[in-house]
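Each chain is listed here by its residues.
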Amino acid sequence: SAGGLVAESKGAITAEPLLLNAVKGLDVERPPVWLMRQAGRYMKAVAVFVFLLIESGLSFFLMAVEILISQSYQAICEKHPSFRERSENVDLVVEISLQPWKVFKPDGVILFSDILTPLAGMNIPFDIVKGKGPVIFDPLSTQNDVDVVREFVPEESVPYVGEALTILRKEVGNEAAVLGFVGAPFTLASYVVEGGSSKHFSKIKRLAFSEPKVLHALLQKFATSMAKYVKYQADHGAQAVQIFDSWATELSPVDFEEFSLPYLKQIVDSVKLTHPNLPIILYASGSGGLLERLPLTGVDVVSLDWTVDMAEGRRRLGSDIAVQGNVDPGVLFGSKEFITSRIMDTVKKAGNRKHILNLGHGIVVGTPEENVAHFFEVAKNIRY
Ligand code: CP3
């Protein structure tokens, strides 16, 4: 769109990425599309098949020449079995982030990393264990524990993130937006207090409901640190940033207002002071009961899960804000026709502006890769 033309430093005039134009509410020809967890385990092999049809006499020979453009995520996992190694090495981060880009050309390329990545630099040792998920070695429970949490200094602790983002930005140019992300204070606090993933969230709720001051002190440290981290990512090439509040859903609305919303708002306010044009996306899974409260954080985009009807979500969020989502990741286990119909349903309900097409949560391991390819193909052929 003409409104999205910017002068590049090289002097060339290039269109801004579709995703950024859509967030601004400019006229776009289709919704931009990317998928949460698009980098990772569902991808078997990243290969390009070139079929040469050779006619020879009366017979046809089909010759398939396979050109491997990079190794598969699973091959990388075999060579580098530790998640932390894969996510803290510039070359691997760049390579894994680019795998879905090379195959599907999404409109957003998300950094391969984890919401827990900053924890080590905050003096909270952790690992991500295969089959078990995140593990915090010394879960926090007292004010003393909170006192030893260091404020995050991204330049010192995660220089590989900045380097990787800068390379990604060069690699994708303006064909897609490079996306950074951080964990929301409450979600990060859940992991470090529970010691990992949790079913009942009893430890963090004990803290919230019997020693709220301790939890608030921890949330404050995360809010200050994540605001710095968002700015650091933006300064190194991220063109939009998503905040994941994956466990906000565990809070009743009044508790969300006390333990999550103010800290989300602090991050957004702080980032907007220095980076007023950086779009911020908020994803809170299971947030149907909280929708009207989410725009109070000041974010530009709310990412909806599939338990909310897109048209209703739009109405409840108000017209200023952009929406992302919200196809059920399970839809990708259906037939191609079914996938198409669900995409079209979401797109119709979202309307023809301020919508980023996405799933309602991350791609599930075991999703047929050809269905992911179909999702992108249908999405990219939509015309408003
Ligand atoms: O979207 C992307 O492709 C970018 C990569 C990304 C990862 N984690 C890589 C990853 C992103 C955006 C995240 C965010 C994240 N991490 C969230 C928020 C999103 C959500 O799902 O709500 C959360 C809650 C985490 C914490 C975490 N890290 C969990 C629950 C797990 C899964 C554990 C498991 O084994 O199932 C991880 C590990 C992790 N982070 C994996 C990936 C690809 C899987 C482990 C692996 O590939 O070795």
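Please read these numbers as outputs of a predicted model, since none were measured by experiment.

What counts and what doesn't
Residues numbered from 1 in each chain as written. Predicted model: local features only at pLDDT ≥ 70, side-chain atom pairs only at ≥ 80, totals over all residues. Helix = DSSP H or I, 4+ residues; strand = E, 2+ residues; numbered from the N terminus. Buried ≥ 20, exposed ≤ 12 C-beta atoms within 10 Å, placed from the backbone. Contact = placed C-beta atoms within 7 Å. Near = placed C-beta within 6 Å. Nonpolar A, V, L, I, M, F, W, Y, C, P; charged D, E, K, R; others polar. Core = buried A, V, L, I, M, F, W, Y, C linked by C-beta atoms within 7 Å. Axes fitted to C-alpha atoms, helices over the stretch in contact; angles between N-to-C directions. Parallel < 35°, antiparallel > 145°, perpendicular 65-115°, else oblique. Left-handed = near helix turned anticlockwise from the far one by under 90°. UniProt positions renumbered as here; feature names shortened; annotations may be inferred. Expected span 1.5 Å × (residues − 1). Bend = angle between axes of the 7 residues up to and from the residue. Pairing = 2+ DSSP bridges. Arc of directions from axis to C-beta.

**Brief notes about the overall build of the chain**
Line of reasoning, step 1. In terms of regular secondary structure, the chain is built from 15 helices and 13 strands.
Line of reasoning, step 2. By the burial criterion, 44% of the 384 residues in the chain qualify as buried.
Line of reasoning, step 3. Counted over contacts in the chain with a minimum sequence separation of 6, partners at least 24 positions apart contribute 70%.

**Side note on the site of the ligand**
Line of reasoning, step 1. With respect to spatial proximity, 21 residues lie near the ligand, and among them Ala39, Gly40, Gly133, Phe244 and Ser246 are the closest.
Line of reasoning, step 2. Its residues assigned to classes, the shell around the ligand shows 11 nonpolar, seven polar and three charged.

**As for the nonpolar core**
Line of reasoning, step 1. Residues Leu111, Ala189, Ala240, Ile267 and Leu282 are the most contacted members of the largest nonpolar core, which totals 113 residues.
Line of reasoning, step 2. Sequence-distant contacts of Leu282, that is, excluding residues within four places in its chain, are made with Ile243, Asp245, Leu264, Leu294, Thr297, Val299, Val302 and Ser303.

**Observations regarding the packing of helix α14 (residues 336–350) against helix α15 (residues 369–381)**
Line of reasoning, step 1. At a minimum axis distance of 10 Å, the contact between α14 and α15 shows a crossing angle of 40°. It follows from the interaxial angle that α14 and α15 lie oblique. Read as a crossing pair, α14 and α15 show a hand that is right-handed. On the side of α14, the interface is formed by Lys336, Ile339, Thr340 and Ile343, while α15 contributes Asn371, His374, Phe375, Val378 and Ala379.
Line of reasoning, step 2. By residue class, the composition of the contact of α14 with α15 is five nonpolar, three polar and one charged.

**Section: the packing of helix α8 (residues 185–194) against helix α10 (residues 212–235)**
Line of reasoning, step 1. It is the contact of α8 with α10, at a shortest axis distance of 9 Å, that shows an interaxial angle of 120°. The angle between the axes of α8 and α10 places the two elements in the oblique class. The chirality of how α8 crosses α10 is right-handed. Judged by residue contacts, Pro185, Phe186, Leu188 and Ala189 of α8 engage Leu215, Leu218, Leu219, Phe222, Ala223 and Met226 from α10.
Line of reasoning, step 2. Considered class by class, the residues forming the contact of α8 with α10 number 10 nonpolar, no polar and no charged.

**Describing the UniProt feature "domain: Uroporphyrinogen decarboxylase (URO-D)" (unreviewed entry) in the chain**
Line of reasoning, step 1. The positions that UniProt labels "domain: Uroporphyrinogen decarboxylase (URO-D)" (unreviewed entry) are, in the present scheme, residues 32–41 and 179–195.
Line of reasoning, step 2. The distance separating the terminal C-alpha atoms of residues 32–41 is 23 Å; by composition the span is 0% helix and 0% strand.
Line of reasoning, step 3. Here residues 179–195 is 59% helix and 29% strand, with 28 Å between the C-alpha atoms at its ends.

**What about helix α4 (residues 90–104)?**
Line of reasoning, step 1. The end-to-end C-alpha distance of α4, which contains 15 residues, comes to 22 Å, matching closely the 21 Å that a straight helix rising 1.5 Å per residue would cover.
Line of reasoning, step 2. Of all bends in α4, the biggest is about 30°, found at Leu98, and the proline Pro100 comes one to four residues later.
Line of reasoning, step 3. In terms of burial, α4 is largely enclosed, as 11 of its 15 residues are buried.
Line of reasoning, step 4. Along α4, the residues classified as buried are Val93, Val94, Glu95, Ile96, Ser97, Leu98, Gln99, Pro100, Trp101, Val103 and Phe104.
Line of reasoning, step 5. Those residues of α4 that are buried lie in contact with α2 (73–79), α3 (83–87), β5 (108–110), α7 (159–172) and α15.

**Here's the deal with the sheet that holds strand β12 (residues 322–327)**
Line of reasoning, step 1. Read across the open sheet, the seven strands follow the order β5-β8-β9-β10-β11-β12-β13; overall the sheet is parallel. At either margin of the open sheet sits one strand with a lone partner, and together these are β5 and β13 (355–359). Taken pair by pair, the neighbouring strands of this sheet meet at an average axis angle of 25°, ignoring direction.
Line of reasoning, step 2. In terms of strand pairing, strand β11 (residues 301–303) meets β12 through three bridges, oriented parallel. Each bridged residue has a counterpart across the sheet, and for Val302 the counterpart in β12 is Val323.

**Overview of the environment of Trp306**
Line of reasoning, step 1. Relative to the helices and strands, Trp306 is located in the loop between β11 and α13 (310–317).
Line of reasoning, step 2. Aside from chain neighbours lying at most four places away, what touches Trp306 is Asn326, Val327, Asp328 and Gly360.

**Here's the deal with the pairing of β13**
Line of reasoning, step 1. Counting buried residues along β13, five of its five residues qualify, which places the element largely inside the surrounding structure.
Line of reasoning, step 2. Residue alternation in β13 divides its side chains into two sets, His355, Leu357 and Leu359 and Ile356 and Asn358, and both sets are buried.

**What to know about the pairing of strand β7 (residues 133–136)**
Line of reasoning, step 1. When strand β6 (residues 126–129) meets β7, the two strands line up antiparallel, connected through four bridges. Paired with Val129 across the two strands is Gly133, which belongs to β7.
Line of reasoning, step 2. Between β6 and β7, which pair antiparallel one after the other, the connecting turn spans three residues, and Gly131 there sits at a positive phi close to 80°.

**Observations regarding α13**
Line of reasoning, step 1. For α13, the complete set of buried residues consists of Met310, Gly313 and Arg314. One side of α13 holds all its buried residues, which, seen down the axis, span an arc of 100°.
Line of reasoning, step 2. The inward-facing, buried residues of α13 abut β12 and α14.
Line of reasoning, step 3. Where α13 ends, the next residue or the one after it, Gly318, has phi of about 90°, a positive value.

**Section: unusual backbone geometry**
Line of reasoning, step 1. Gly325 connects to Asn326 through a cis peptide bond whose omega is -15°.
Line of reasoning, step 2. Mapped onto the fold, Asn326 is located in strand β12.
Line of reasoning, step 3. A positive phi is found at Lys105, a non-glycine position, where the angle reads about 50°.
Line of reasoning, step 4. By the secondary structure assignment, Lys105 is in the loop between α4 and β5.
Line of reasoning, step 5. Backbone geometry at Phe201 places phi at a positive 55°, although glycine is not the residue there.
Line of reasoning, step 6. Along the polypeptide, Phe201 turns up in the loop between α8 and α9 (202–210).

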